[in-house]
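Single-letter residue listing:
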There are 2 protein chains.
Amino acid sequence: MGSAHSPSCPATKPSMLNVHLVPHTHDDVGWLKTVDQYYHGDRNNIQHAGVQYILDSVIDQLQKDPARRFIYVETAFFYRWWRQQSQNTRRIVTQLVNEGRLEFINGGWCMSDEATTHYSAVIDQMTLGLRFLNDTFGECGRPRVAWHIDPFGHAREHASIFAQMGYDGFFFGRLDYQDKARRMKTKEMEMLWRASESLTPPLADLFTGVLPNGYNPPEGFCWDQSCNDAPIRDDPDLEDYNVDEIVQRFLNVSYNQAAFYKTNHIIMTMGSDFQYENANLWYKNMDKLIKYVNALQAKGSKVNVLYSTPSCYLQELNLANLTWPLKTDDFFPYADDAHDFWTGYFTSRPALKLYERLSNSRLQTCNQLEVLGGPKSTSGPFGEGDSDTMSKAMGVAQHHDAVSGTEKQHVAYDYARRLATGWAHCEVLVRNSLAVLSGSESPRVFCENLNISVCPLTESSQKVLYFSMNVYNPLGRTVSWPVRLPVNGSLYSVTDTKGKTVDSQVGNYVCMSFKLICNIYDMKSSSLLLLLSVRWFHFSINNKSVLMYAFKFLKVTFDDTTGLLSSLTNLETNQTIRLTQNFYWYNASSGNNKESRQPSGAYIFRPNSSDPFVINKTAEIQIVTVSSTVQEVTQWFSPWVSQVVRLYEGHRELELEWTVGPVPIADGLGKEVITRLDTDIESSDYFYTDSNGREVLERRKDYRPTWDLKQTEPIAGNYYPINSRAYIKDDKHQLTVVTDRSQGVSSIYNGSLEIMLHRRLLYDDFRGVGEPLSEPGEFFDGLVARGRLLLTLTPPNMAADVHRPLAQGMVLQPLLSFQDGTPLANTKLEVCRGSFSGLQDALPPAVHLLTLSQWDKDSVLIRLEHQYQAKESKTHSQPITKLFSTLEVLGASEMSLGANQWKEDMNRLQWNTGTKASKPLPLSAKDPSPWEVTLNPMEIRTFLLQLRQL
Amino acid sequence: MGSAHSPSCPATKPSMLNVHLVPHTHDDVGWLKTVDQYYHGDRNNIQHAGVQYILDSVIDQLQKDPARRFIYVETAFFYRWWRQQSQNTRRIVTQLVNEGRLEFINGGWCMSDEATTHYSAVIDQMTLGLRFLNDTFGECGRPRVAWHIDPFGHAREHASIFAQMGYDGFFFGRLDYQDKARRMKTKEMEMLWRASESLTPPLADLFTGVLPNGYNPPEGFCWDQSCNDAPIRDDPDLEDYNVDEIVQRFLNVSYNQAAFYKTNHIIMTMGSDFQYENANLWYKNMDKLIKYVNALQAKGSKVNVLYSTPSCYLQELNLANLTWPLKTDDFFPYADDAHDFWTGYFTSRPALKLYERLSNSRLQTCNQLEVLGGPKSTSGPFGEGDSDTMSKAMGVAQHHDAVSGTEKQHVAYDYARRLATGWAHCEVLVRNSLAVLSGSESPRVFCENLNISVCPLTESSQKVLYFSMNVYNPLGRTVSWPVRLPVNGSLYSVTDTKGKTVDSQVGNYVCMSFKLICNIYDMKSSSLLLLLSVRWFHFSINNKSVLMYAFKFLKVTFDDTTGLLSSLTNLETNQTIRLTQNFYWYNASSGNNKESRQPSGAYIFRPNSSDPFVINKTAEIQIVTVSSTVQEVTQWFSPWVSQVVRLYEGHRELELEWTVGPVPIADGLGKEVITRLDTDIESSDYFYTDSNGREVLERRKDYRPTWDLKQTEPIAGNYYPINSRAYIKDDKHQLTVVTDRSQGVSSIYNGSLEIMLHRRLLYDDFRGVGEPLSEPGEFFDGLVARGRLLLTLTPPNMAADVHRPLAQGMVLQPLLSFQDGTPLANTKLEVCRGSFSGLQDALPPAVHLLTLSQWDKDSVLIRLEHQYQAKESKTHSQPITKLFSTLEVLGASEMSLGANQWKEDMNRLQWNTGTKASKPLPLSAKDPSPWEVTLNPMEIRTFLLQLRQL
């Protein structure tokens, strides 16, 4: 089957205004309740919602009339439901799908957040959901339309991903209220979104529509059990016959809506959060609505109302053959009123945001080792392991009330628990796989708490005289990575795989830096014990100056009176900037001021003043560590804010490891804590933020590219999400910050970049979560968050060469595992062996191995990505070829990004923009041979490889 | 088909504890919303409830598994639903009914209130519902079980009615908490209720069961969409698998419940208010419960759980062949805690209670005239009329949140509106019928507001120089009835049907008394203009004494200093009692005292002191009217309390017409207004109240016949409902009060009887209605209520001879209608003609014509009632025979009281009580011939008469 021109779409009437009623439910994969509580309908005292019943009821009701339609979106729920159904029900559902009466829309495991997710995890969760639909229903189950009706702002990278996945269109509900007002006026509610500056159109072009009522029905037409609108009372013998009144109201609503759209088709979303648990209420009343509204056609009415779906509506828009406006920026930040900017959630729940990011790294490792270890990975000496549990946990964690931080506290715990459980399943798989790969079946532990210097195995020196560490690097290339281990002894002999002793140093922990030369396609050294030789760096501290050097790369100075950073120098390029860094907190509005009652909350950022309070004008430098591998300065700002400044041997970045919390609230003031970097870079009003960790967008203070902004919140209205990096620059300097998780950033002053790190608030912000964002920590004292910012200073045209690999290294971190005793005694020293050589020896710098995972018994899914944007790197922003070796790969078939369609079958709808005819272009440069692929900047290519059974 | 031994009942296991799950919904025919709002699911913001969806959903779900069962109760709703269903749905439902999967229980138009309803209206509403079921489903639709799970206390007369209607058993939910505790302890939760002291057992014997959890499911097992209990989560892969925990909890609940009941069968009501709107939730979880609980039988569990119905459960109880305790009193008053007596609603909404009672009178008149006027009644010179609308309006008005006064204000208005609409339909019928009967088709008006002296026709003397009045008497015998009409002129010539002038008197209104000699079976004088000759009575008022005489029957004295009544004398029997009467108000608790937070409200009566405040210690006598027909003394107690004391010529009762309101609440005190009669009768702690207007029960202060009462509310805990009368007595004197509506009464002191007249409160009483009972009046000033108490003084053994006919005359009042001009000019003088002579000329004093209504084209339903209890009247408490004439009746078939079964087919279950074997006795004395029927005291006999077409 080709494009979305489904033969199952209902007939419309060309001479009339066609109103497409789209019955739908919006089922959060966790929010006020956990995903399983939502599925079961448990804890309805929190929120009445039970997805099992929604699907039961909808399937029942669809059978009652072939005209009725329904769309379903969240595969995480549908999957749970499907597995509990009888063969008979499955047969019925399959028929409904085949007839287009039940249509899957979006179809990912969840409806992902767009501000706080990383593209890697988004692609995974989409693939997980789409694959289930594909495996279960085939082509008729393939969603044609992306549907992000609830996320709080929209990322360009998401649109790009959807385009590459083959979606014909995209609908959403939330955009800035000023933007919406303008678009209604100019009939630009529907547009073509050109979602990449690198990919050749129409590769990342996505038709995008703004829904008229968010995702709700028009006012007065909500017939769910959760609504209180009047039902259609068409029995003239009973009270309050209201058919005429309702029909007239519907005609008015339809004409009003049509005034904001271009065609004689309009869409109405007939549903909302967890609706259709009793679908009869909706359908019974919509049946009557359709009957009575259309009955007026006989009297000359020109309104035709019908059950429809987004893809059928989209098909009509496409057939209208109009010219559509072009959109090239994104839809951040989102404000639904003058003082209601949804920019707080960019940072909300910083610990969950980190854990989600680390879990992605672990999942990629788990996936890779499942491939590399072969069948024994999932059933081996350590038992039954799997990567599915982790995939699903990551799938729900991408939800727009998960990693976004906008869920209730107990639900946040549940997401974390799921990730932990997922990892527990992966641990078994990883143990099995490493046993296969290393030949050592002795027990292996993973130290989860190294970030707070806890690892029972390495610490228990009484019991364990010897231990060994195994490092797995999921990146496609060698990286240098610092390792620090807590130990109890004071003298350790550390040897490498060759048995050669390396120097080590004991303070509170062993701190090692090692160069990973082991990678997944070259397994020669996948298990390592590495230490570099110790070298003392120049380091001085006195009343005049504090200086840190990292070899030849960086120099950092501290102000002698304040203890703050004062400058940063790139010794290679010989450039220096003034760099002052400090911590501040915005006083969160409690909602009691005259402009608006809006307080800061999980979603909303609203400082009650544009001037943040400084935590401390000076920092106390309390600890200094200087070793062969690292230099550290610890700055204490207050009992609840500190920072370690580090330079690692061989690294080009300055690491700022901040610790914030418990944020005190005894003063009755909610606090939104930022760190601000103030430099002499002439950035003016401009700064730059990434979109879902990939392409970078230019931001400008108090400005939006597509409309004349009336700025009403000078701070919150200038915040944007980052997922992995932000930068400011002028002609000479670019200061780039790479982060370990998603955060909110802004640049309020020339040369300044501020990053929000943590938030603790006293009020709910009236967007439904019903809790103030005040995360408990140990002993209920408030959460302590810790994280890292990596700073690089370069000329602008060299920045990407540093920050691209730096960010990928932050995303995919090496996995450390430990074994009692030394593996040298009873197993081969040379444990790194190449068991999978489907790829050539080393990935070129421009190429990132995005996905390597077992697809089924005989095939492996692989995604290769060009990780540079067009023009950002002199060296790397070029097409690059040659990747597959022909050795072990029996066949390679290219797929859509979502892996639910062969690339050659993709045939998306075409749309005209006013600017130029967007003709279908070749989606990628031609590959030189079947075993060689060419990647253009920012391109991701997805292949299913048939492998020789290992 | 015979008794309730339905072959469709599910199999049970004799060796196990059988748990009968009874899926049910309790659908109030109006409460927080109107009956039609409940049907439609309108105004769900008030309460989520939509009966149309309940029935849709249940029918869907029943089809999914033949084991599933459901009972439905309220025919008012089922009727609305049924008429909107397709033939296919009707076919499905009929099959479900035939297979016992859908079973009708109770089956009246509503679930009537038991404290504030009159038996006449109760029998009518039951008949209305049962007839619909019978006509629609035949024998399989006939309810076997009466089911009053919600009414707030239980009347013995209701049980008697149910027994006579052929019900095999009766279940209810609410009884005094002390009573329930005792019954649980002694396993007397199920019993045989001997519900009449007059009828021969087992005629009024009714097996009665107290449900274990009111009508709710056991705690933790409510799976409705309105509940928050945990669903059964039986997917081990999802969170919180809870099957084992739930099964164990269910077993515990079952064993705990079984400890309070006698057999190895227990019943669980699985449902509650307006539940099953999404029946899937209930059935899906109950399916799992049954599956997992019964699965344990394989491991030795002795609990067997099954879908069942009350009648199937009852059948098992009957088969157990045990001895059951006997109950002979009633279940009033109802308290659900020490300070929570539901005795306020006996009086709540006094105006609605009166309007309902008057509407009953009008409906009986309408029914009778439909029969008498023949087919032209419903389609005649004044258009289309019907009695159905009024029947249905009366049907819903009997609901336990209708005439009870416990509905929201807007719903009370709706009930009144329905009654008014019903009467509007009846008015057309009555006009048509009277046109047929009188031969006059000139316009005829009904003056609705004579009670407040408003009647535009009679008042507009400028326009209408002449008018005539037509009186229809629905009673089966002549009555004397005072008529007062507002007029504007000062001189009227009043003539009777013979054209003879009668004296009249003009004050503010014409006041006439006339002896009705026209009745429905002897139509010779159904249209009358009557006045008696004027006679001046002795009447004096001065500083010493106020005396009133009514011919030879009564003498009343007033205290010269207080203006209050001081004595009452029966001149015939020559007996005198001291009689002081005054008005008081109890200060309603606001819920702020230390024993309990319970305030007075629509349901609950809770004075905050046992001593009421007197309105005024003295009354001002302001108006005195003395005429040939009436003597009146008006007493003013305060601006909001007054009374007219009247004696009518020829009458044996003293009339007290009280006016109370607007009850002032500006002082912040809720008020419950009583009038108290204080006498020198040595009544001790005893007093007497009627049950639904029929048999009288003895009451005793601080005492219950069946358990050792711990009295916790000295006033509220001694209140009982009356529907038509109450009395106190000693050896010599009986003071009987006949009322015009249902009220609450008590006797707190020796010789005292108090009647609650009106209530105006400031707080809701936490029983769901969510409003304080504070009825608005004109200009929002609070409702003014007006009513009549009729007092008679007799020796005890002569009291019934007076109060029985007096009360029936109050219930069935003459209908007055008026025509412009005089009918004498253009129509025959002699308008009373006998057009129906199916009955003999006059009913004997003991016999009351309870029902005379058109059943279908060819037949008429008639109910004849012996209106005396056994032993209460020397003259009348005897069997009485001879009623039908053979002249026009082609056939007469006796039916059950509910008219849904031939009497000869009635075959009720038999039950053993410990006292003596209750063998089936002849249900009635043998009739001498087919055209003669014999009535025993308190017996009602129901016949369907085939009439010669008139």
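Residues numbered from 1 in each chain as written. Chains lettered and ligands numbered in written order. Predicted model: local features only at pLDDT ≥ 70, side-chain atom pairs only at ≥ 80, totals over all residues. Heavy atoms only, no water.

Caption draft 1: Quick peek at helix α15 (residues 799-811) of chain A. Residue and element names in this part refer to chain A. For α15, spanning 13 residues, the distance from its first C-alpha to its last is 18 Å, which sits close to the expected 18 Å at 1.5 Å a residue. Buried residues dominate α15, accounting for 11 of its 13 residues. Every buried residue belonging to α15 is among A799, A800, V802, H803, R804, L806, A807, Q808, G809, M810 and V811, and all of these are buried. (Helix = DSSP H or I, 4+ residues; strand = E, 2+ residues; numbered from the N terminus. Expected span 1.5 Å × (residues − 1). Buried < 20%, exposed > 50% of the residue type's maximum accessible area, 1.4 Å probe, protein only.)

Caption draft 2: Representation of the pattern of salt bridges in the model. In this structure the tally under the stated criterion is 102 salt bridges over all chains. In this structure, R694 of chain A and E865 of chain A form a salt bridge, with 2.9 Å as the shortest nitrogen-oxygen distance. In this pair, R694 of chain A is assigned in the loop between β32 (686-690) and β33 (696-700) and E865 of chain A in strand β42 (residues 859-866), connecting sequence segments 171 residues apart. Taken together, the shared-partner salt bridges connect D36, R80, D414, R417 and R418 of chain A together with E239 of chain B into one network. (Salt bridge = Lys/Arg side-chain N within 4 Å of Asp/Glu carboxyl O.)

Caption draft 3: Highlighting the state of the cysteines. Residues and elements named next belong to chain A. Taken as a whole and judged by the stated rule, the model has 6 disulfides over all chains. At a sulfur-sulfur separation of 2.0 Å, the disulfide partner of C9 is C312. Its S-S torsion of approximately -90 degrees makes the covalent link between C9 and C312 left-handed. A residue pair is termed long-range when its members are at least 10 positions apart, and C9 in the segment before β1 (17-23) and C312 in helix α10 (residues 310-319) qualify at 303 residues. On the accessibility criterion, C9 (15% relative accessible area) is buried. Among the residues examined, C312 registers a relative accessible area of 2% and is labelled buried. The disulfide bridge from C366 ends at C426, spanning 2.1 Å between sulfur atoms. (Disulfide = S-S within 2.5 Å.)

Caption draft 4: Fine view of the packing of helix α12 (residues 388-397) of chain A against helix α13 (residues 409-438) of chain A. Residues and elements named next belong to chain A. One can describe the packing of α12 onto α13 by two numbers: an axis separation of 7 Å at closest approach and a directional angle of 160 degrees. Taken as axis vectors, α12 and α13 run roughly antiparallel relative to one another. You can see that α12 and α13 cross each other, and the crossing is left-handed. Judged by residue contacts, T389, M390, A393, M394, V396 and A397 of α12 engage Y415, R418, L419, T421, G422, W423, H425 and C426 from α13. In the contact of α12 with α13, the residues fall into 9 nonpolar, 4 polar and 1 charged. (Axes fitted to C-alpha atoms, helices over the stretch in contact; angles between N-to-C directions. Parallel < 35°, antiparallel > 145°, perpendicular 65-115°, else oblique. Left-handed = near helix turned anticlockwise from the far one by under 90°. Contact = heavy atoms within 4.5 Å. Nonpolar A, V, L, I, M, F, W, Y, C, P; charged D, E, K, R; others polar.)

Caption draft 5: The arrangement of helix α11 (residues 350-373) of chain A in detail. Residues and elements named next belong to chain A. Here α11 contains 24 residues, and its C-alpha end-to-end distance of 34 Å stays within 8% of the 34 Å for a straight helix at 1.5 Å per residue. Counting buried residues in α11 gives 21 out of 24 residues, a clear majority hidden from the surface. Phi turns positive, to about 75 degrees, at G374, one or two residues after α11.

Caption draft 6: View of the interface of chain A and chain B. Counting from both sides, the interface comprises 39 residues of chain A and, opposite them, 40 residues of chain B. The junction of chain A with chain B conceals about 3400 Å² of combined surface from both sides, 38% of it contributed by carbon and sulfur atoms. The partner of D237 of chain A in a salt bridge is R83 of chain B, with the nearest N and O atoms 2.5 Å apart. When residues of the side of chain A that touches chain B are traced back to their parent elements, those giving at least two are α1 (35-40), α2 (51-62), α9 (279-295) and α13 of chain A. Taken together, the residues of the side of chain A that touches chain B break down into 7 nonpolar, 15 polar and 17 charged. (Buried area = accessible area lost by both parts, 1.4 Å probe.)

Caption draft 7: Region of the structure containing the UniProt feature "domain: Glycoside hydrolase family 38 central" (unreviewed entry) in chain A. With numbering aligned to this structure, UniProt lists the feature "domain: Glycoside hydrolase family 38 central" (unreviewed entry) at residues 340-419 of chain A. Along residues 340-419 of chain A one finds 56% helix and 8% strand; the C-alpha atoms at either end are 32 Å apart. (UniProt positions renumbered as here; feature names shortened; annotations may be inferred.)

Caption draft 8: Inspection of the relation of the copies chain A and chain B at higher detail. Superposing chain A onto chain B requires a rotation of 179 degrees together with a translation of 0.1 Å along the rotation axis, leaving an RMSD of 0.1 Å. Both copies are brought into coincidence by an operation consistent with a two-fold rotation axis. The rotation axis passes nearest to the C-alpha of N278 of chain A in chain A, at a distance of 2.8 Å. A shared binding surface is used by both copies, with 100% of the interface residues of chain A retained as interface residues in chain B. (Least-squares fit on C-alpha atoms with pLDDT ≥ 70 in both.)

Caption draft 9: Geometry of unusual backbone geometry. The omega torsion across F332 of chain A and P333 of chain A is -15 degrees, close enough to zero to call that bond cis. As for its position among the elements, P333 of chain A is in the loop between β11 (326-327) and β12 (335-337). Here the residue pair G661 of chain B and P662 of chain B is connected by a cis peptide bond, since its omega of -10 degrees sits within 30 degrees of zero. For P662 of chain B, the position within the fold is in the loop between β28 (654-660) and β29 (671-679). Notably, K187 of chain A is not glycine yet its phi reads approximately 55 degrees, a positive angle. What makes K187 of chain A partly exposed here is its relative accessible area of 34%. Residue F766 of chain A is not a glycine yet carries a positive backbone phi of 65 degrees.

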